[in-house]
Each structure stands twice: as C-alpha cells, then as structure tokens.
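The lines below spell out each chain.
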Amino acid sequence: MSSTTEQSTTATATEVAEAPMLIGGQWVPAVAGEWIDVVSAGERSATLARVPRGREADADRAVKAARAAFPGWRAVHFKERQQALLKIADALADAAEELAVLTAKDTGNAIRTQARPESQTLVDLFRYFGGVAGEFKGVNLPAGDGQLQYTRREPLGVVAGILPWNSPLMIAGFKTPAALAAGNTVVLKAAEDAPLTILKMAEICQQFLPDGVLNVVTGYGTEVGEALVQHPDVDKVSFTGSTRVGKHVASTAGERISHISLELGGKSPSIVFPSAARDADQVDALASNLLLSTRFARQGQSCTAGSRLFVHTDVYDDVLAAVAAKAKAMKVGNPLDESTDMGAIINQKQFDQINNYIADGKSQKGVELALDCALDIPDGLDGFYQGPTIFSMGDNSWRIAREEIFGPVLVAIPFSDRDEAIRMANDSHYGLAAFVWSNDLTEALDTAHRIESGWVQVNQGGGQVIGQAYGGYKTSGIGREVSLEGAMDGFTQVKQINVKIG
Ligand code: NAD
C-alpha cells in the first residue's frame, strides 16, 4: 500500500546522512539495520538522508517505551504538561525557518506559499494546546448534599499517530500537542515519502519531554504502520491518509476495540452564487479566494481542496475566465525558490495518477478546457512538476468529479438553482470541506447548513484556523481534530465517579 517503491539498503557504507528514529529518548536505527533513502521532492537526484526501515520489532519497542512513560506523564499536574508544550512552541518558533526549508525539500511544497505557513501552524498548535491543557476536565452532577458525582477526562494511554506526506508538520501538529496535553504518550509514524520534518520536530520536542513520551518511527505503512495498528498495547490509532488505507486501518484497529479517529480524503465542493460576482472587482477578488480554495499552491495535494467548482450559469463565464487567468499566472518552480507559487508533486506514482485523471477528463464527451497548463513548466527542474488544469462544462458523474485526484486539477460544473447545486455538492461519498460564495446571507447560510461536510467556509478559501473543529462526514473520516472539543473527545475517555458522603 506504500506510495514509494519499497526498496531498502543495509546499514553499510554510504555518504548519505543517517536520520535515526526516536524511541524512549534514544536515537536508534531499525532493529534489522535496514534503511530507506529519502529523496528531495523538488530535486529528485538529491538524496536528503536515509531513515530506518522500521518493522514490527521497532513498533513494539516504541509502544513499550510509550507505555513505560505513560504513568508518569498522566500523573503530573496539567501545568507541567502545559509548560513543556509552551517551551516546545517557543523552540519550534526559533526553528521555524529551518523546519520550513526542510518541509520544502521533504514534501516539495513551496517555501513561501506553503512551507512557511505550515511550520507556523505547527508552532501555533503547540501553543494552543499548551494553553488549554487545563481544560481537559470533567463535570459535576448536582446530586444532593449526600453525594459527590463527577466525571474525569482520563487519557487513553498510548496513541499511535499515522501521518501522510502532504503536510506532515501541520498534521503532526493536529495530533501531537493535543494528545500530550490530555496526558497520553505518543508514537508517531512518519510517511515514508516525507519523514524528515517529523524527526526534526521530535528532536526539538525531546528537549522538553521525559523519555518515551514522544516517539517517532519511520518505514513503510505495510510494515511498521501495520504493526502499530495491530499492536495490542496501542490504545488509540489517530490516522490521517487515504480513505482506502483508512478503511483497512479502521477494521484492523476496530477488531481489537482500539479507539480510532480517521482524517481521510475529500472531493470538496465550492459553490459560487451570482451575488458573489456582481461586478468586475467582485469577480477579481472572488477569483483570488477561489484560487486559495483549490489548493493549487500545494499542487492540489490537499485533502480540503475545493476541487469541484459549481458556478451559477449567470456568472459562469466571467468567474471561470478570472480563475483560469489567475491560475495560469502561478509560477511552477523549485520549492526553495521564493518566487515559486507551486512546488513539486511528491513522486512518480502521484504524478502518473494525476495525469491519468487528466487524460480521463479530456476523453469525456462535451468537456471543455478552461486551462491546460499541466505540461507548461520551466525547463531544468529535476522532479515531477505540473501546472494547473481546469476542466469546464463538467458533469458531476465523471470520475474527475467523483474521485480524489490529489493534484492541481479543478472541474467546473454549471448550475442554475440552489437546490440543484446543493444536490450535486452532496452527491459524493466524501464530506470533508466545502466552500460557499454568496453575498446573500440567507442563501449562504442555508447552503452552508445543508451541505454534508465537516467544514464549510463562506466567502473565504484559506486553511484551518487554530481551535476550529476539523474532520469529515461520510468516508472523509471519523472524529475531529484541531479544536479543544475534538481533542477532549479524541484523546480522553470519561470516567464517572459516584461518592456517598457521610
Ligand atoms: P496513505 O493512506 O497512502 O498513507 C498515509 C500513512 O499511512 C502513511 O504514513 C503510510 O505509510 C501509512 N500506511 C499505509 N498503509 C498502512 C497500513 N496498512 N497500516 C498502517 N499505516 C499504513 O496516504 P498518503 O498518500 O500518505 O496521503 C494522501 C492522502 O491523505 C489523501 O487521500 C489525502 O486526502 C489524505 N489526507 C487527509 C487529510 C485530512 O485531514 N483529512 C490530511 C492530509 C491528507
């Protein structure tokens, strides 16, 4: 199930730097001594480092280390956990630029448009969950003077956090500080395609945490990932990745009644009403915001990308022309270049998948191309680079409108009334995010409320905000992250205590 060709090398001579795993406070190779080369997404000929190819024995070591650290970590006053998280936030802030550069190399996400915001979000998430560490608390029942009836929000124990490659730091930030603030210990499994930022983050965290509270394993999903999901001493699996792997993870972890949360794929609708595009200035501002919602600046490799664009027929031509013009102006280039808007696609498999979808889209009857820049890229780039593609006059039943492409591809579909737009928006097995564009309050909120998605944005297309509820409906997932409420539900269990007094 891995997205990388599974090759490993033995721990013999190489000039490539070794980036070992963090287990129980120690930086260690895999038990079997195997390694995986990590190449730079934006410069495929550059091997950045090699990381251990962890397997079952490594997962077991990490879970044992996390289990050993759990009693001490859960027992302390919340202020101690809070102080640790806030110190980590400060240290991550000091290292933010280094983390951003590493993100650009590791993931191919452009430094200015993506990598820096991601490392800043990580800092903000540690600060937020440090700040609310005292809020993981229970309630009292007014059961009369002779009774004390209260609940405790107790940590679950050992949390395995399984991460994807598209925004590793941000997604590690959705899980790690929340789980730690609640008193859990953590084993992170970094994605095989982009593990280095997670190891760097762990190096910083480790300065402020007792040994074993945070552990990181590296390797393939089918090996070390699977071993974590099956491990009887993992109390919760917090998985972010594809719906296909998520289903397998849920059934495997569910078999042993583990707690599970899933942040999976999406095919998010974006609905433009005429009231959002009344004149040329509005259309121009709308197009800029729509561009943000497409996540083209992350090569479309975003689970919340607004990848189905429903535009009212009254404004269809104007809106599409404006979005296409802005997308065409985006600069595809080396992720480390400050002028780059769109960086590199993560690997060959992903690149081929995107281009298969584009070929499929082009073969549809009646399709039009509002923008065809897939191969419109500068010379001399050493990686899988791709410009944006916008299909027009699409149909919601086409594969490119139903399946997650995870690339810079948008399909625009005209509609003529609100009910029709909402029906098409909801005609999807996904339900992660949605975007509504309208300057009519009733129209905007009626649409937002009727859409079957875990997160709806009105008249804006940016990313997650610290503290908001974040998670999917339908096959986009189970559970909520980023918010305090989501963390309470996701990383604690409730114990009721009834005491007779006197
Ligand atoms: P993926 O499902 O291939 O892999 C995700 C992680 O799971 C990786 O670390 C991988 O090694 C691991 N894994 C694979 N097989 C496993 C197994 N059998 N047991 C345990 N772990 C296993 O996903 P990806 O290609 O890394 O990421 C892209 C996908 O992630 C897209 O579908 C995207 O929509 C989704 N995603 C969702 C969110 C969200 O918040 N909802 C955020 C980012 C990405």
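All residue numbers here refer to positions counted from 1 along the written sequence of the relevant chain. Selection of residues for local features in this predicted model requires a pLDDT of at least 70, selection of side-chain atom pairs for listing and counting requires 80 or more, and totals for whole chains, interfaces and linings are taken over all residues. Hydrogen atoms and water are omitted, and side-chain values are computed over all heavy atoms in the structure.

## Re the overall build of the protein chain
A run of DSSP states H or I qualifies as a helix once it reaches four residues; a run of E qualifies as a strand once it reaches two. Both are numbered from the N-terminal end. Looking only at helices and strands, the protein chain features 15 helices and 23 strands. Restricting the calculation to C-alpha atoms gives the radius of gyration, and the globule rule supplies 2.2 Å times the number of residues raised to the power 0.38. Its C-alpha atoms give the protein chain a radius of gyration of 23 Å, near enough to 23 Å, the size a compact globule of 502 residues would have. Across its three principal directions, the C-alpha atoms of the protein chain cover 70 × 70 × 40 Å. Note on contacts: a residue pair qualifies if any of its non-hydrogen atoms lie within 4.5 Å across the two residues. Counted over contacts in the protein chain with a minimum sequence separation of 6, partners at least 24 positions apart contribute 74%. Computed with the Shrake-Rupley method and a 1.4 Å probe, the accessible areas treat only the protein chains shown as cover for residues. When the accessible surface of the protein chain is totalled, it reaches about 19,200 Å², and 51% of it is carbon and sulfur. In this tally, Lys and Arg are treated as positive and Asp and Glu as negative; His is ignored, and so are the chain termini. Taken as the charge location is NZ of Lys, CZ of Arg, CG of Asp or CD of Glu. Positive and negative side-chain charges in the protein chain, numbering 45 and 60 respectively, have mean positions lying 6 Å apart.

## Topic: the nonpolar core
Among the nonpolar cores identified, the biggest contains 62 residues, and Leu92, Phe126, Leu188, Leu196, Ile198, Met201 and Leu209 are the most heavily contacted of them. Top contributing element to this core by residue count: helix H5 (residues 168–181), with 9 residues. A domain-level breakdown of this core finds at least three residues from each of domain 1 (8–264 + 475–494) and domain 2 (269–466). Contacts of Leu92, omitting those with residues within four sequence positions, involve Leu99, Leu122, Val123, Phe126, Met201 and Ile204. Joining through side-chain atoms within 4.5 Å is the link that ties buried Ala, Val, Leu, Ile, Met, Phe, Trp, Tyr and Cys residues into a set, and such a set is a nonpolar core. Under the scheme applied here, a residue whose accessible area is under 20% of the maximum for its type counts as buried, over 50% as exposed, and between as partly exposed, the area being computed with a 1.4 Å probe on protein chains only. Throughout the structure description, domain borders are defined by an automatic or database domain assignment.

## Remarks on the pattern of salt bridges
Criterion for a salt bridge: a side-chain nitrogen of Lys or Arg within 4 Å of a carboxyl oxygen of Asp or Glu. The full count for this structure, using the stated rule, is 32 salt bridges. The partner of Glu98 in a salt bridge is Lys200, and the shortest N-O contact between them spans 3.3 Å. Of this pair, Glu98 sits in helix H3 (residues 96–107) while Lys200 is found in helix H6 (residues 196–206), placing the two residues 102 residues apart along the sequence. By relative accessible area, Glu98 is classed as partly exposed at 45%. Using a relative accessible area of 16% as the deciding quantity, one classes Lys200 as buried. Where Glu338 meets Arg116, a salt bridge forms, and the shortest distance between an N and an O atom there is 2.5 Å. With a gap of 222 residues between them, Glu338 in the loop between helix H10 (316–328) and helix H11 (348–362) and Arg116 in helix H4 (residues 111–131) connect regions that are remote in the sequence. With relative accessibility at 41%, the residue Glu338 sits in the partly exposed group. Using a relative accessible area of 27% as the deciding quantity, one classes Arg116 as partly exposed. Via salt bridges that share partners, Glu34, Arg53, Arg55 and Glu223 belong to a single interconnected network.

## Notes on the side chain of Ser476
Within the secondary structure, Ser476 sits in the loop between strand S21 (473–474) and strand S22 (477–478). Accessibility expressed as a relative area gives 0% for Ser476, which makes it buried. Setting aside residues up to four positions removed in sequence, Ser476 forms contacts with Leu262, Glu263, Leu264, Gly265, Gly266, Tyr430, Gly431 and Leu432.

## Overview of the sheet that holds strand S6 (residues 140–141)
Spatial ordering of the open sheet is given by S6-S7-S23, a layout of 3 strands whose pairing is antiparallel. Two strands close off the open sheet at either side, each with one partner strand: S6 and strand S23 (492–500). In this sheet, strand S7 (residues 147–155) lies alongside S6 in antiparallel orientation, the contact comprising 2 bridges. Directly across from Leu141, in S7, lies its bridge partner Gln149. Geometry is summarised by axes, namely lines fitted to C-alpha atoms with helices restricted to the contacting stretch, and by angles between N-to-C directions that run from 0 to 180 degrees. Docked against the sheet, helix H15 (residues 484–491) engages S7 and S23, running at close to 75° with respect to S23. For two strands to be treated as a pair, DSSP must find no fewer than two bridges joining them.

## A word on the packing of H3 against H4
The contact between H3 and H4 brings their axes to 8 Å, and the two run at 130°. With respect to their mutual orientation, H3 and H4 come out oblique. Where H3 crosses over H4, the two elements pack in a sense that is right-handed. Between H3 and H4, the residues in contact are Ala96, Glu97, Leu99, Ala100, Val101, Thr103 and Ala104 and Ile111, Ala115, Arg116, Glu118, Ser119 and Leu122, respectively. Residue polarity follows a fixed list, in which Ala, Val, Leu, Ile, Met, Phe, Trp, Tyr, Cys and Pro are nonpolar, Asp, Glu, Lys and Arg are charged, and the others, Gly among them, are polar. Here the contact of H3 with H4 is composed, by residue class, of 8 nonpolar, 2 polar and 3 charged. Each angle is binned into one of four classes, with values under 35 degrees roughly parallel, values over 145 roughly antiparallel, values of 65 to 115 roughly perpendicular, and all other values oblique. By convention, the crossing between two helices is left-handed when the near helix turns anticlockwise from the far helix through less than a right angle, and right-handed when the turn is clockwise.

## Brief notes about the site of the ligand
Near residues are defined by distance, with any heavy atom within 4 Å of the molecule or strand qualifying the residue. In the region of the ligand, 29 residues are neighbours, and Leu163, Glu192, Ser242, Leu264 and Glu404 sit closest. Whenever two N or O atoms come within 3.5 Å, that pair is a polar contact, provided that in protein one can donate a hydrogen and the other can accept it, and provided that, for residues adjacent in sequence, both atoms are side-chain atoms. One of the side-chain nitrogen or oxygen atoms of Trp165 is found 2.9 Å away from an oxygen atom of the ligand. For the shell around the ligand, the elements supplying multiple residues, two or more each, are helix H7 (221–230), strand S11 (236–240) and helix H8 (243–255). Ranked by the residues each element gives to the shell around the ligand, the list is headed by H7, at 4 residues.

## Considerations on the domain arrangement of the protein chain
In many reports, interface size means the accessible area that the parts give up when they come together. Domain parsing of the protein chain yields domain 1 (8–264 + 475–494) and domain 2 (269–466). For domain 1 and domain 2, the distance between their C-alpha centroids amounts to 30 Å. Facing the 36 residues of domain 1 at the interface are 33 residues of domain 2. The buried area of a pairing is the accessible area, by a 1.4 Å probe, that goes missing from both parts when the two are put together, added over both. When the two sides are added together, the surface that domain 1 and domain 2 hide from each other amounts to roughly 2,700 Å², 53% of it contributed by carbon and sulfur. Taken together, the connections running from domain 1 to domain 2 amount to 3 salt bridges. Across the salt bridge formed by Glu118 and Arg298, the nearest N and O atoms sit 3.9 Å from each other.

## A short note on the pairing of strand S10 (residues 214–217)
On S10, burial covers both faces: Leu214 and Val216 on one face and Asn215 and Val217 on the other are all buried. Note that strand S9 (residues 185–189) and S10 share 4 bridges and pair parallel. Note on S10: the bridge partner recorded for Leu188 is Val216. Seen with its strands pointing away from the viewer, a crossover is right-handed if its path from the first strand over the helix to the second goes clockwise. On the question of chirality, the crossover connecting S9 to the parallel S10 by way of H6 is right-handed.

## Brief notes about the sheet that holds strand S13 (residues 268–272)
Taken in spatial order, the 7 strands of this open sheet run S15-S16-S17-S14-S13-S19-S20, and their pairing is mixed. Strands at the two margins of the open sheet, each flanked by one partner only, are strand S15 (368–372) and strand S20 (455–458). Geometrically, the sheet is characterised by an average inter-axis angle of 20° between neighbouring strands, direction not taken into account. Where helix H9 (residues 280–294) meets the sheet, its contacts fall on S13, strand S14 (306–312), strand S17 (409–415) and strand S19 (433–437), and the angle it forms with S19 comes to roughly 175°.

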